[in-house]
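# Structural overview
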Amino acid sequence: GDIGCYTLSVLPPLETLDSCICMGASIGNAIGMEKVQGSKNGVVAVIGDSTFLHSGITGLLDAVYNRSNVTVIILDNRVTAMTGGQQHPATGYTLMGEKTRQVNFIELAKAVGVESVREVDPYDYDGLLRVLKEEIARPGPSVVITNRACVLMPKRIMDRPYVVISDECNGCSACFRIGCPAIMPSKELTKHNQPKAVIDPVLCTGCSLCAQVCQPEAIVLAPEPAGVK
């Protein structure tokens, strides 16, 4: 892992990062781990878009040069999110809000020699997992670019939030494990004394991840308000 909002995923419930040293170190750290322990289980470096532009490009160049079997995930959320939402060279705007040349991550990665570069929608749960498994198994360095804007930006993905059909919820807690702040335990319990889920409609951005991981299909889009067509 690198320095950014995603560093928080070292904590429960996600627990997906195993190390964090300093800005830009994620790729170099992955290279070292792969050289020492091999890539049987895959070595993945996660770095944000602005962090990658600050200090990750040289690490990617080293991964190519050293023929490292690492997968680099560039989290392109179109903003410098952790420090307040500033522009950066890949947003297409200067800090003063003026239009400027926009860095293309795909072209940049290919320019330093990465042969396998793929862009994915991180809200496509099954599609993202499939791409990651393919790239981790692929020899040599590869880059996966996620392409969704920061969820803290004031814009919903869908006009309607998702809701939990309480009678269908079995309390499996799968939706809790995606770490969404809009999902929380309700006061209603299942027959096994497990809390059912409830979604705060104000916090829900409509990303649909919770609905994708819900096995009993208890999470659905909220119905349209009466009179709305």
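Here we summarise the structure given alongside this text. (Residues numbered from 1 in each chain as written. Predicted model: local features only at pLDDT ≥ 70, side-chain atom pairs only at ≥ 80, totals over all residues. Heavy atoms only, no water.)

Glancing now at the overall build of the protein chain. What the protein chain contains, in helices and strands, is six helices and eight strands. When its C-alpha atoms are laid out on the principal axes, the protein chain stretches across 55 × 45 × 30 Å. Expressed as a percentage of the 229 residues in the protein chain, the buried residues total 39%. Here the contacts in the protein chain between residues at least 6 apart in sequence split such that 65% fall between residues at least 24 apart. Put simply, the protein chain shows about 13500 Å² of open surface, and 55% of that area lies on carbon and sulfur atoms. The positive charge centre, built from 20 side chains, and the negative charge centre, built from 23, are 2 Å apart in the protein chain. (Helix = DSSP H or I, 4+ residues; strand = E, 2+ residues; numbered from the N terminus. Buried < 20%, exposed > 50% of the residue type's maximum accessible area, 1.4 Å probe, protein only. Contact = heavy atoms within 4.5 Å. Areas by Shrake-Rupley, 256 points an atom, 1.4 Å probe, with all protein chains shown as cover. Lys, Arg positive; Asp, Glu negative; His and termini not counted. Charge placed at Lys NZ, Arg CZ, Asp CG, Glu CD.)

Turning to empty space enclosed by the protein, a few remarks are in order. One pass over the full model with this rule turns up two cavities of 30 Å³ or more. Taken as a whole, the largest cavity holds about 80 Å³ of empty space. For the largest cavity, the lining is made up of 13 residues, of which Cys 169, Cys 172, Cys 175, Cys 214 and Ile 219 are closest to its centre. By residue class, the composition of the lining of the largest cavity is 11 nonpolar, two polar and no charged. Contributions of two or more residues to the lining of the second largest cavity are made by β2 (70-75) and α5 (125-137). In terms of residue class, the lining of the second largest cavity is made up of three nonpolar, four polar and two charged. (1 Å grid on protein atoms, 1.4 Å probe; cavity = no way out; pocket = protein on both sides within 12 Å on 5 of 7 lines; lining within 4 Å. Points joined across faces, edges and corners; volume = space filled by probe spheres on them. Nonpolar A, V, L, I, M, F, W, Y, C, P; charged D, E, K, R; others polar.)

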